[in-house]
Amino acid sequence: PRATPACLSALSMDAAERRLARVTAHLLPSSLPLASAPLLAPSPAAGSSSPAGDSYRRVHGDVSSEPPEWRAATDEDGKGFVDIIYEKSVGEGIAKITINRPDRRNAFRPLTVKELMRAFSDARDDSSIGVVILTGNGSKAFCSGGDQALRDSDGYVDFDSFGRLNVLDLQVQIRRLPKPVIAMLVVDMFCTWCVI
């Protein structure tokens, strides 16, 4: 039997609501209690048998509703990070890169950009990773741009005396990444940083 456009849109909406609820559960910061989180309630059809077109569930099975377990990660050379936190979920296929300079509102310095590029390269090359989450530590800012305290006549200089901030190279790297990159923002700061 051929489905009508109304049925297709209802099936699509049910699938979208289920996916959004699961992604929201994975992306919530662990500091927020689950009771205060605005999760979408699954639609009544979500509990019923999945439609024949739901290939994701058929291939991958049910998605866990438990929050992922995060483990610290290093780059391919085993080097750690100073300005970012790079984590990978256990068994979920998620990499999370957190800009970790909350005292400077997560402002970039040359070291920050270099570390972000190393982490994105590692996530790109890791076949177990299917999606990357980019976020900032703290509740005041996702990222406030270049750290003006490090800017002088030669540009942005940190302890390596590396006089430029390669943010454009980082942006190109993110755009060319063959995996989705999700920017995870704190709700309070969303209105001040709407254009990504």
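Structural data are supplied above this passage.
Keep in mind that what you see is a predicted model, and the values were worked out from it rather than measured.

Caption draft 1: How the structure looks around the environment of G145. On the secondary structure map, G145 appears in the loop between β4 (131-136) and β5 (151-152). Classification of G145 as partly exposed rests on a relative accessible area of 26%. A C-alpha to C-alpha distance of 9.2 Å links G145 and V167, two positions 22 residues apart in sequence. The contacts of G145, once residues within four sequence positions are left out, are A107 and F108.

Caption draft 2: Representation of unusual backbone geometry within the structure. The phi dihedral of R105 falls on the positive side, at around 55°, and the residue is not glycine. The backbone of N106 shows a phi angle near 55°, a positive value even though the residue is not glycine. Among the secondary structure elements, N106 is positioned in the loop between β3 (94-99) and α3 (110-125). Relative accessible area serves as the criterion here: at 0%, N106 is assigned to the buried category.

Caption draft 3: Looking closely at the sheet that holds strand β7 (residues 181-184). Read across the open sheet, the five strands follow the order β1-β2-β3-β4-β7; overall the sheet is mixed. Looking at which strands have only one partner, the edges of the open sheet turn out to be β1 (70-72) and β7. The mean angle between the axes of side-by-side strands here comes to 25°, regardless of whether they run parallel or antiparallel. As paired elements, strand β2 (residues 84-89) and β3 share five bridges and run antiparallel to each other. Looking at β3, one finds that K88 is bridged to A95. Along the sheet, α3 contacts β2, β3, β4 and β7; its crossing angle with β2, the most-contacted strand, is approximately 15°.

Caption draft 4: Expanded view of the nonpolar core. Formed by 23 residues in total, the largest nonpolar core has its most connected members in Y86, I97, F108, L116, F120 and V132. Only β2, β3, α3, β4 and α4 (167-176) provide two or more residues apiece to this core. F108 has contacts with I99, R101, V113, L116, C143, G145, G146, D147, L165, V167 and L170, leaving out every residue within four places of it along the chain.

Caption draft 5: Highlighting the pairing of β4. For β4, a buried count of six out of six residues is recorded, marking the element as mostly surrounded by other parts of the structure. Of the two faces of β4, the one lined by V131, I133 and T135 and the one lined by V132, L134 and G136 are each fully buried. In this view, the connection linking β3 to its parallel neighbour β4 by way of α3 has right-handed handedness. Strand direction decides the pairing type here: β4 and β7, joined by four bridges, are parallel. Residue pairing across strands places L134 opposite A183, the latter belonging to β7.

Calculation rules
Residues numbered from 1 in each chain as written. Predicted model: local features only at pLDDT ≥ 70, side-chain atom pairs only at ≥ 80, totals over all residues. Heavy atoms only, no water. Helix = DSSP H or I, 4+ residues; strand = E, 2+ residues; numbered from the N terminus. Buried < 20%, exposed > 50% of the residue type's maximum accessible area, 1.4 Å probe, protein only. Contact = heavy atoms within 4.5 Å. Pairing = 2+ DSSP bridges. Axes fitted to C-alpha atoms, helices over the stretch in contact; angles between N-to-C directions. Core = buried A, V, L, I, M, F, W, Y, C linked by side-chain atoms within 4.5 Å. Right-handed = clockwise from strand over helix to strand, strands pointing away.

The analysis is restricted to geometry; functional conclusions fall outside its scope.
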